[in-house]
Amino acid sequence: MENRILVVDDEKEIREMLLKALTRLTEFRVELAGDGEEALKKIEQEDFDLVLTDLKMPKKDGLQLVADIAKSKPEILTVVMTGHGTIDSALEAMKQGASDYLLKPLNLEEMVVRLQKVLDERQRFVRLRDFAAQLERANQELKRADGMKSEFVSVASHELRTPLATIKNAIQLVLRGKAGEINETQTNFLSMADKNINRLTNILNNLLDLSRIESGRIKIKSQELDLRGLVEFILSSFKPQAEGKSIHLDMEVVEGFSPVYGDRENIEQILTNLLGNAIKFTPEGGKVSVLVNPFREEGGMVAISVRDSGIGIPEDQLEKVFKKFYQVEGSLHRSVSGTGLGLAITKGLVEASDGTIWVESEIGKGSTFTFTLPVSKGEKRDPHFRLALDGAFQRAQENFSSLTLFLIEVLDERAEAKDALLDQLEETVKKCIYRKLDIVLQREKEKILSVICEVDLQGAQVIRQRIEGEIQKHFIKDRDNPPVIKLGVATYPEEAISKRNLFRRAKEKLRS
Ligand code: ADP
């Protein structure tokens, strides 16, 4: 493609000389201007790729011209020409946005090489930028498709559950003889159908749970829990199943932990999934225990483990068992039926409750699945923040778009100074946020500044740089004793798929 160059110089002979040289040595299309003002007018009327300008000119000089172009037409490259005596001005021009400078008297061959290089670099940059834009579009499309897939799975599973329930009822009625007497063979066939309907219902429920987790639609109704009572209740519901395999069930509670904070239904489901697996993968005569341990309480967490003396999981597959549809290779594992969704759901539920989950295991000896839950005193609530995050999160989900949460904290300061600093910080950060829907507000209790922006990872990086630059300028530079200001950032859905996890991830990064 032919490059269009505007040569700006107040000396007619130099303009003419450059026009001749550039036309002879290159295929550039060259236009001329006698000063900065004329150059700006031409730029308004025509498209140029590069402006080659002298620095010293009447009316508008080269430095001003470079600054104006950088502001109003940043896509146009600028290269300045300068004498040895004014090299400082050339460097200043580079700071203002010029791509290169040429020393006078000009070496024409060198000039052409340098101009071509600047133009080539820009072309590479444009190609990369277009490529990044394409990737971003593809990414958005994938996110949208993924959202639609979750939506489809959710609707389909939901719609299938009702007719299945009706079929199950009808089979039960016939099995109980309500539609007349049935013989043994008929009973066997109907029992088989009934069992398979149970299996199908289970799979549908799992798919529904998974799509709720993946789309972040999971609702957490957190409350203080009686953990001992809850574990006892779930264990009692597994008694018949365990007795059927002569498996010993027990519970060990290390007393003295603070009340645990969480969603009762979620925790019931987590324990049910883990205990169901433990019994499923433990041979007759084995042992399954639930241990409640406050050993992680110093981090605001309590740990709950489900330990079995079962077949175990190979070391190289310990992480994989939490992936959806994953089932461990090997005949012992394969002989037990399942969908491979249970642990993916369990992990999602634990994370939605602000905890983490992991497994330790030894082949032939057994496995221990441990998950953590926050203790209630660690939970700080802030209605304004919650309302703002809820709204933004809902919008991001509905539009299949991204959302980034920034948390900013001032450390090492006395309380009053910290308050004042936080207010100043809020004002400074507000200047870095340009869009109406983005929110800057303080989390009162923890004295943390939060910024909620509807941007993806890439956008978050740009805003982060802006915020860090402003903090540096207003709070750190030229201060004898600058405060320590930390920043934690997390983006939905790339780094966290639920609201709580988004907050948790940002907080983890803040504290790291
Ligand atoms: P499912 O049990 O329906 O196959 P899960 O997601 O619950 O799916 O478990 C995934 C896989 O992890 C199981 O298929 C099994 O191979 C392995 N697994 C889970 N729990 C245990 C356990 N307690 N002991 C041994 N293997 C286990």
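Everything that follows concerns the structure shown earlier in this document.
Definitions and cut-offs
Residues numbered from 1 in each chain as written. Predicted model: local features only at pLDDT ≥ 70, side-chain atom pairs only at ≥ 80, totals over all residues. Heavy atoms only, no water. Helix = DSSP H or I, 4+ residues; strand = E, 2+ residues; numbered from the N terminus. Buried < 20%, exposed > 50% of the residue type's maximum accessible area, 1.4 Å probe, protein only. Phe/Tyr/Trp six-rings, centres within 6.5 Å; stacked < 30°, edge-to-face > 60°. Core = buried A, V, L, I, M, F, W, Y, C linked by side-chain atoms within 4.5 Å. Contact = heavy atoms within 4.5 Å. Patch = residues over 30% accessible without salt bridge, like charges linked within 9 Å, V, L, I, M, F, W, Y side chains within 5 Å. Areas by Shrake-Rupley, 256 points an atom, 1.4 Å probe, with all protein chains shown as cover. Salt bridge = Lys/Arg side-chain N within 4 Å of Asp/Glu carboxyl O. Axes fitted to C-alpha atoms, helices over the stretch in contact; angles between N-to-C directions. Parallel < 35°, antiparallel > 145°, perpendicular 65-115°, else oblique. Left-handed = near helix turned anticlockwise from the far one by under 90°. Nonpolar A, V, L, I, M, F, W, Y, C, P; charged D, E, K, R; others polar. Pairing = 2+ DSSP bridges. Lys, Arg positive; Asp, Glu negative; His and termini not counted. Charge placed at Lys NZ, Arg CZ, Asp CG, Glu CD.

## Some words on the environment of Gln327
In step 1: You can see Gln327 is positioned in the loop between strand E10 (301–308) and helix H9 (331–334).
In step 2: Under the relative-accessibility criterion, Gln327 is labelled partly exposed at 27%.
In step 3: Separated by twelve residues in sequence, Gln327 and Thr339 have C-alpha atoms that sit 7.8 Å apart.

## What to know about the packing of aromatic side chains
In step 1: Scanning the entire structure with this criterion turns up two aromatic pairs.
In step 2: Pairing Phe322 with Phe369 gives two aromatic rings, centres 6.0 Å apart and planes at 80 degrees, and the pair type is edge-to-face. One end of the pair, Phe322, is in the loop between E10 and H9; the other, Phe369, is in strand E12 (residues 366–374), with 47 residues separating them in the sequence. Like Phe322, the residue Phe369 is buried in the burial classification.

## Some words on the nonpolar core
In step 1: In this structure, Leu271 and Phe371 are the most contacted members of the largest nonpolar core, which totals 46 residues.
In step 2: Sequence-distant contacts of Leu271, defined by excluding residues within four places in its chain, comprise Leu230, Val231, Ile234, Val290, Ile304, Val306 and Phe371.
In step 3: Counting residues in each nonpolar core, the second largest holds 22 residues, with Ile408, Leu425, Cys453 and Phe475 among its members.

## Description of a nonpolar patch on the surface
In step 1: A surface patch of nonpolar side chains, amounting to about 330 Å² of accessible area, comprises Leu128, Phe131 and Leu135.
In step 2: Along the chain, Phe131 turns up in helix H5 (residues 108–175).
In step 3: Given the relative accessible area of 47%, Phe131 is considered partly exposed.

## A look at the pattern of salt bridges
In step 1: The final tally for this structure, using the stated rule, is 29 salt bridges.
In step 2: Of the charged contacts, one joins Arg464 and Glu468 as a salt bridge, the two residues approaching to 3.0 Å between their closest N and O atoms. Placement of both Arg464 and Glu468 in helix H13 (residues 457–476) is noted, with a separation of four residues, approximately one turn of the helix.
In step 3: The salt bridge involving Lys473 is made with Glu470; its shortest N-O contact spans 3.7 Å. Taken together, the positions of Lys473 and Glu470, both in helix H13 and three residues apart, correspond to about one turn of that helix.
In step 4: Look at the salt bridges and you will find they share partners, linking Arg4, Asp49 and Arg122 into a network.

## Considering the packing of helix H2 (residues 36–45) against helix H3 (residues 62–72)
In step 1: Between H2 and H3, the least distance of the axes is 9 Å, while the angle of their chain directions is 20 degrees. Judged on the interaxial angle alone, H3 and H2 are roughly parallel. For the crossing formed where H2 meets H3, the hand is right-handed. Residue-level contacts link Gly36, Ala39, Leu40 and Ile43 of H2 to Leu65, Asp68 and Ile69 of H3.
In step 2: Per-class residue counts for the contact of H2 with H3 are five nonpolar, one polar and one charged.

## Some thoughts on the sheet that holds E10
Strand-to-strand pairing in sheets goes through backbone hydrogen bonds, with the strands running parallel or antiparallel.
In step 1: Here we have five strands laid out as an open sheet, ordered E7-E9-E10-E12-E11, and mixed in their pairing. Only two strands of the sheet have a single neighbouring strand rather than two, namely strand E7 (248–253) and strand E11 (357–362). The average undirected angle you get between the axes of adjacent strands in this sheet is 15 degrees.

## Digging into the pairing of E10
Look at any regular strand and the pattern is simple: side chains alternate between the two faces of the sheet.
In step 1: Within E10, seven of the eight residues are buried, leaving the element largely enclosed by the surrounding structure.
In step 2: With six bridges connecting them, strand E9 (residues 287–293) and E10 associate as antiparallel partners. Looking at E10, one finds that Asn293 is bridged to Ala303.

## So, the environment of Gln317
In step 1: One can find Gln317 in the loop between E10 and H9.
In step 2: C-alpha separation for the pair Gln317 and Glu16, spaced 301 residues apart in sequence, amounts to 74 Å.
In step 3: Non-local contacts of Gln317, meaning those with residues more than four positions away in its chain, are made with Tyr326, Val328 and Glu329.

## Some words on the packing of helix H8 (residues 264–280) against helix H10 (residues 342–352)
In step 1: Close contact between H8 and H10 brings their axes to 9 Å; oriented N to C, the two are set at 150 degrees. Here H8 lies roughly antiparallel to H10, going by the angle between them. Judged by the twist between their axes, the crossing of H8 over H10 is left-handed. Packed against H8, whose contacting residues are Asn266, Gln269, Ile270, Asn273, Leu274 and Asn277, the element H10 presents Gly342, Leu343, Ile345, Thr346, Leu349 and Val350 at the interface.
In step 2: In terms of residue class, the contact of H8 with H10 is built from six nonpolar, six polar and no charged.

## Things to note about a negative patch on the surface
In step 1: On the surface, Asp10, Glu11, Glu13 and Glu16 cluster together into a negatively charged patch.
In step 2: Here Glu11 shows up in the loop between strand E1 (4–8) and helix H1 (12–25).

## Quick look at the sheet that holds strand E4 (residues 77–82)
In step 1: One open sheet holds the five strands; their spatial order is E2-E1-E3-E4-E5, and the pairing between them is parallel. The sheet is open, and its two borders are formed by strand E2 (29–33) and strand E5 (100–103), each paired with just one other strand. Mean inter-strand twist for the sheet, computed between neighbouring axes without regard to direction, equals 20 degrees.
In step 2: Alignment of E1 against E2, held across five bridges, turns out to be parallel.

## Here's the deal with unusual backbone geometry
In step 1: In this chain, Lys104 is followed by Pro105 through a cis amide linkage whose omega measures -5 degrees.
In step 2: Within the secondary structure, Pro105 is located in the loop between E5 and H5.
In step 3: Here the residue pair Tyr492 and Pro493 is connected by a cis peptide bond, since its omega of -5 degrees sits within 30 degrees of zero.
In step 4: Phi angles above zero are rare outside glycine, and Ser246 is one such case at about 50 degrees.
In step 5: The partly exposed category is assigned to Ser246, whose relative accessible area is 48%.

## Let's talk about the pairing of E5
In step 1: Where burial is concerned, the two faces of E5 differ: the one with Asp100 and Leu102 is buried and the one with Tyr101 and Leu103 is not.
In step 2: Bridge count for E4 against E5 is four bridges, and the pairing is parallel. Counted as the bridge partner of Val79 is Asp100 from E5.

No statement about biological role is implied by the geometric values presented.
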